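Examining the three-dimensional arrangement
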Amino acid sequence: MSALTDAFTSFLFGKVETTRLPVRTSTGQAQAVYLPTAAPGLGDSGVIIGREVYSGKGYIYDPFQLYGQQLPAPHWLVLGESGNGKSALEKTYVLRQLRFRDRQVVVLDAQGEDGVGEWNLIAQQLGITPIRLDPIAANDDGIRLNPLDPAITTTGQLALLRTIIEVAMGHGLDERSGFALKVAHAYVVDAIRDRQPVLTDIVEQLRHPEAESALAMNVDIDDVRAWGLDVALVLDRLVDGDLRGMFDGPTTVGIDLDAPLIVFDLSHIDRNSIAMPILMAIVGVWLEHTWIRPDRKKRIFLVEEAWHIINSPFVAQLFQRLLKFGRRLGLSFVAVVHHLSDVVDGAAAREAAAILKMASTRTIYAQKADEARATGRVLGLPRWAVEIIPTLTPGIAVWDVNGNVQVVKHLITETERPLVYTDRAMTESSTPPQLPEDLLAAELEAEERALYIERQRGAGPGSAATVA
């Protein structure tokens, strides 16, 4: 009966089954038929960065959302040569983070443009006055940060004084010099009650120590004075030398540490002088004791030219402690450097390795092939990522988020572009238009909605990716 039914069906409709010959092909040809599988993204909660190059999906990243699940630490390292988009990424990231009410950002702006720091435009648009540390302006009642500010604990003050001296001297303090500094600081803090103690008081006490400090250790007063002489000479640079005026007086009244964005403008300081790591040490400790507090705010500490920190053993140790301490209080540290070789081959290689280990997010823009290979070895990047880094065009970077490696194109809205573009000196127009904050918010919301919809329709984990 079955054979009869098949014969009748074939008579009416023709043969319903055909026999196909096998097709032989190569994997290179087959990849056009079988769509690639997209790697899983980082979720859809947080700050939009741009698009994944190969899948076209929206790329969203937020260390506070990912911490504890996909990220063991919220700290971030950004690498790449100039002109490839590092600065634009940092600025749009901060602008988009500030749309959340519980975010606060501090920027150490070490690069200048048109006589001001390159974050000056963004600060103006947000109604923020940058804290400009300038030794020339400081002599005319400019901004001052006091290392002996009462807001800093006495232990923190002494640690900061030691760091300043060790950075300037290039080596650690010996026991005798450390003792002279300790007794001078203890006397100044205890004796001066009617005003803020300042560095001048420490220098004076080192030059003319009290007899009681010598008697306590059963040593001669002349020995204590000799032990503290080198320390006094180093601190004198902050009091009466080329850094005079920035740290040798009470902290300037009116510095708003509750503002959503705080910019320290260091652009008037020689980036290649010993002054830069000293400044970063002072600002770092000052912020640790006056800014970071358990108020449930999520804080971002972004440092331009961060090799000044990571390349100095004493400053690196200070910031390493700050990073460990900050994780408990919601701090994300963002370090921006040009080349990894700037830090891993420096004097603070051990400290640099410890800080790099805490950076669970690494973003690498275009580098030369040899630099890319060295970066790949240090960061443990997959081979395909190392090979693609020298071929990246501006605005595209390799993102490694705790082993989740993607190639991402950074998207900048037309509203953000005049605020983040830092090469105005090479363009015809140097005056950016006035851009209201609500316009920026509306444009970002539209972009986020479009990418979110595309993400929902597009490839998920293990599914076929969209082909451009």
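Residues numbered from 1 in each chain as written. Predicted model: local features only at pLDDT ≥ 70, side-chain atom pairs only at ≥ 80, totals over all residues. Heavy atoms only, no water.

Moving on to the overall build of the protein. Tallying secondary structure elements over the protein gives 21 helices and 13 strands in all. Relative to its 468 residues, the protein shows a buried fraction of 50%. Put simply, 75% of the contacts in the protein that link residues at least 6 apart link residues at least 24 apart. Total accessible area on the protein stands at roughly 22,800 Å², and carbon and sulfur atoms take up 53% of it. (Helix = DSSP H or I, 4+ residues; strand = E, 2+ residues; numbered from the N terminus. Buried < 20%, exposed > 50% of the residue type's maximum accessible area, 1.4 Å probe, protein only. Contact = heavy atoms within 4.5 Å. Areas by Shrake-Rupley, 256 points an atom, 1.4 Å probe, with all protein chains shown as cover.)

What follows concerns the packing of aromatic side chains. To describe a pair of aromatic rings, you give the distance between the ring centres and the angle between the ring planes. One pass over the structure, following the stated rule, counts 12 aromatic pairs. Look at Phe319 and Phe333: their rings are 5.9 Å apart centre to centre, the planes differ by 50 degrees, and that puts the pair in the tilted class. Residue Phe319 is located in helix H15 (residues 313-327), and its partner Phe333 is located in strand S10 (residues 331-337); the two are separated by 14 residues in the primary sequence. In this structure Phe319 comes out as buried when scored by relative accessible area, which is 0%. What makes Phe333 buried here is its relative accessible area of 3%. Through a chain of ring-to-ring contacts, three or more aromatic side chains come together here, namely Tyr59, Tyr61, Trp76, Tyr93 and Trp399. Looking at Arg103, its charged tip hangs above the ring of Phe100, at a distance of 4.7 Å from the centre. (Phe/Tyr/Trp six-rings, centres within 6.5 Å; stacked < 30°, edge-to-face > 60°. Lys NZ or Arg CZ within 6 Å of the ring centre and 35° of its normal.)

On to the pattern of salt bridges. Inspection of every chain in the model, using the stated rule, returns 17 salt bridges. Residue Glu52 pairs with Lys57 through a salt bridge whose shortest N-O separation is 3.8 Å. We classify Glu52 as buried; its relative accessible area is 3%. Relative accessible area serves as the criterion here: at 4%, Lys57 is assigned to the buried category. Across the pair Arg162 and Glu166 runs a salt bridge, and its minimum N-O distance is 3.6 Å. (Salt bridge = Lys/Arg side-chain N within 4 Å of Asp/Glu carboxyl O.)

As a further point, take helix H8 (residues 175-191). The end-to-end C-alpha distance of H8 is 24 Å, a good match for the 24 Å that 17 residues give at a rise of 1.5 Å each. All buried positions along H8 are accounted for by Ser177, Gly178, Phe179, Ala180, Leu181, Val183, Ala184, His185 and Val188. Turning to H8, the residues buried within the fold contact helix H7 (154-169), helix H9 (199-207), helix H10 (211-216), helix H11 (221-227) and helix H12 (229-240). (Expected span 1.5 Å × (residues − 1).)

Attention now goes to the nonpolar core. One finds Leu77, Leu235, Leu238, Phe264 and Phe301 to be the most contacted residues of the largest nonpolar core, which totals 94 residues. Ranked by the residues each element gives to this core, the list is headed by helix H13 (residues 275-290), at 11 residues. Excluding its chain neighbours within four sequence positions, the residues that come into contact with Phe264 are Val106, Val107, Leu108, Asp109, Ile131, Leu133, Leu145, Val283, Trp286 and Leu287. (Core = buried A, V, L, I, M, F, W, Y, C linked by side-chain atoms within 4.5 Å.)

This next bit is on the sheet that holds strand S9 (residues 298-303). If you trace the 11 strands from one edge of the open sheet to the other, you get S2-S1-S13-S12-S11-S3-S10-S9-S4-S8-S7, paired in mixed fashion. If you trace the sheet from one side to the other, it starts and ends with strand S2 (58-61) and strand S7 (131-132), each paired once. Strands S9 and S10 of the sheet are contacted by H15, whose axis makes an angle of about 145 degrees with S10. (Pairing = 2+ DSSP bridges. Axes fitted to C-alpha atoms, helices over the stretch in contact; angles between N-to-C directions.)

This part covers the confidence of the model for the protein. Overall, the predicted model of the protein reaches an average pLDDT of 79, with 79% of residues at or above 70. Looking at the elements of the protein, mean pLDDT is at its lowest for helix H21 (residues 437-457), recorded as 52, and at its highest for strand S12 (residues 396-401), recorded as 96. With pLDDT under 50 throughout, residues 424-437 is counted as low confidence; its partners more than four residues away or in other chains account for 16 contacts. (pLDDT = per-residue confidence, 0-100.)

It is worth spelling out the pairing of S2 at this point. Side-chain alternation along S2 places Gly58 and Ile60 on one buried face and Tyr59 and Tyr61 on a second face that is also buried. Relative to S2, strand S1 (residues 47-52) runs antiparallel, the two being bridged by 4 bridges. Opposite Val47, over in S2, you have Tyr61 as the bridge partner. Taking the residues between adjacent antiparallel strands as the criterion, S1 and S2 are bridged by 5 residues, where Gly56 takes a positive phi near 80 degrees.

We now examine unusual backbone geometry. The residue Arg296 is not glycine, and still its phi comes out positive at about 70 degrees. Relative to the helices and strands, Arg296 resides in the loop between H13 and S9. The phi torsion at Asn402 lies on the positive side, around 55 degrees, for a residue other than glycine. Inspection of the secondary structure puts Asn402 in the loop between S12 and strand S13 (404-410). Here Asn402 falls in the partly exposed class, since its relative accessible area comes to 44%.

Attention now goes to the packing of H9 against H12. It is at 9 Å that the axes of H9 and H12 come closest, and there the two elements cross at 155 degrees. The angle between H9 and H12 falls in the class roughly antiparallel. Here the hand of the crossing between H9 and H12 comes out left-handed. Along its contact with H9, which presents Leu199, Thr200, Ile202, Val203, Leu206 and Arg207, the element H12 presents Val231, Ala232, Leu235, Asp236, Leu238 and Val239. Across the contact of H9 with H12, the residue classes tally to 9 nonpolar, 1 polar and 2 charged. (Parallel < 35°, antiparallel > 145°, perpendicular 65-115°, else oblique. Left-handed = near helix turned anticlockwise from the far one by under 90°. Nonpolar A, V, L, I, M, F, W, Y, C, P; charged D, E, K, R; others polar.)

Another aspect to go through is the packing of H7 against H12. Relative placement of two packed helices is described by the angle separating their axes and the distance separating the axes. At a minimum axis separation of 10 Å, H7 and H12 run at an interaxial angle of 95 degrees. It follows from the interaxial angle that H7 and H12 lie roughly perpendicular. Residues Leu161, Ile164, Ile165, Ala168 and Met169 of H7 lie in contact with H12, whose contacting residues are Val231, Val234, Leu235 and Leu238.

Attention now moves to the side chain of Asp248. Mapped onto the elements, Asp248 comes out in the loop between H12 and strand S8 (261-265). Those residues within four positions of Asp248 in sequence are excluded, and the remaining contacts are Arg144, Val198, Thr200, Leu238 and Val239.

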